[in-house]
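# Observations on chain architecture
Okay, here's what each chain looks like letter by letter:
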Amino acid sequence: MSGMAFDWLAAERDLNGAYDGDRAAMARLWAFWGDGKDFNPVDRALGERVIAHFPQVESLALHRLAFRSRVVRALVGECGVDQLLVVGVDMPTHDEVHQVAQAVNPDARVVYADADALVMLHARAMFRGRVGACGFVQAGLDEPRTVLDGAAATLDLRRPVAVLLINSLDVLTDAQAVAALAAFRASLAAGSYIALCHLVAEYDRGLAVLGSICADINPGPPRVRTPEALAACCTGMVMIRPGLVSAPVWRPDPRPWPVTADVDLWCGVGVLP
């Protein structure tokens, strides 16, 4: 075993119990479904159970990552945002938010926030070469004030910030989701953006199986909301084009074939007036 691998395992052990290898975690499940590599046998076993009942989940995972890249390019390149706050961090894959943002604007600053200690360990290790441009906050979307206070060490909250809720909104209860979005709307400067992704069951009712199969994951289980309920979450924001739509329809990259619209992952971006 190399010294680097040994140090990595030692770092995981030093999490003082925050890493529970016997319990699946949402970030590692999305990594498994999205063709990543950072998951353990428990995550694989649960992920395969979900696929057996709802094979479309792998497509949803890839659509989610594709939307993340497109929305960052749009926010930085078209909207001129140079500060991004990612609440709900994926296990490192490819086209990370800071990589996409800084390819467009090298001066863009990014803060990653998540309550999962192991996720943040991976993020700090993989992104540490960007110190000064990236910040890290160990808190989740259910603690919006803690997230904002931590982000203020890297970002200037007096200026517009783009908040990315790509994998964090659908694990909150209705009350938590309302409170989190209200806190961001109240605290962020006018001209800030909130980009969100959420599971719906508009086309395939089989998606509801996630709630029962994934009842013991952390955090979770993911909730499936209706498009109407998701639209209600966007109250107080002005949605930019094309509005709240199925993920592939949100500003797709040019391609010679039609874009499918029947994907149960809906996305949108709102700007604070």
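Going by the structure above, here's the rest.
So, a few notes on the structure that sits alongside this text. Predicted, not measured: the structure shown is a model, and the values here were computed from it. (Residues numbered from 1 in each chain as written. Predicted model: local features only at pLDDT ≥ 70, side-chain atom pairs only at ≥ 80, totals over all residues. Heavy atoms only, no water.)

### Quick look at the state of the cysteines
- Tallied over the full model, the rule gives zero disulfides.
- Take Cys234: it sits in no disulfide, and the sulfur closest to it among the cysteines is that of Cys233, at 6.5 Å. (Disulfide = S-S within 2.5 Å.)

### Some remarks on the packing of aromatic side chains
- Applying the stated criterion across every chain, the model contains four aromatic pairs.
- Here the aromatic rings of Phe32 and Phe39 are separated by 5.0 Å at their centres, their planes lie at 80°, and the arrangement is edge-to-face.
- By relative accessible area, which is 14% here, Phe32 ends up buried.
- Against the face of Trp30 rests Arg64, its NZ or CZ located 4.5 Å from the ring centre. (Phe/Tyr/Trp six-rings, centres within 6.5 Å; stacked < 30°, edge-to-face > 60°. Buried < 20%, exposed > 50% of the residue type's maximum accessible area, 1.4 Å probe, protein only. Lys NZ or Arg CZ within 6 Å of the ring centre and 35° of its normal.)

### Structural notes on helix H2 (residues 26-33)
- A large share of H2 lies buried, amounting to eight of its eight residues.
- Every buried residue of H2 is listed here: Met26, Ala27, Arg28, Leu29, Trp30, Ala31, Phe32 and Trp33.
- Tucked inside the fold, the buried residues of H2 contact helix H3 (41-53), helix H4 (57-78), helix H6 (117-127), strand S5 (193-199) and helix H9 (209-213).
- Where H2 terminates, the next one or two residues include Asp35, which has phi positive at roughly 65°. (Helix = DSSP H or I, 4+ residues; strand = E, 2+ residues; numbered from the N terminus. Contact = heavy atoms within 4.5 Å.)

### With respect to the nonpolar core
- Ranked by size, the top nonpolar core spans 91 residues in total, and within it Trp33, Leu85 and Phe184 carry the most contacts.
- Tallying contributions element by element places H4 first for this core, with nine residues. (Core = buried A, V, L, I, M, F, W, Y, C linked by side-chain atoms within 4.5 Å.)

### Structural notes on unusual backbone geometry
- Here the amide bond leading from Arg241 into Pro242 is cis, since omega sits at 5°, within 30 degrees of zero.
- Residue position: Pro242 is located in the loop between strand S6 (238-239) and strand S7 (245-246).
- For Asp35, which is not glycine, the phi torsion reads 65° and is therefore positive.
- Its location among the elements puts Asp35 in the loop between H2 and H3.

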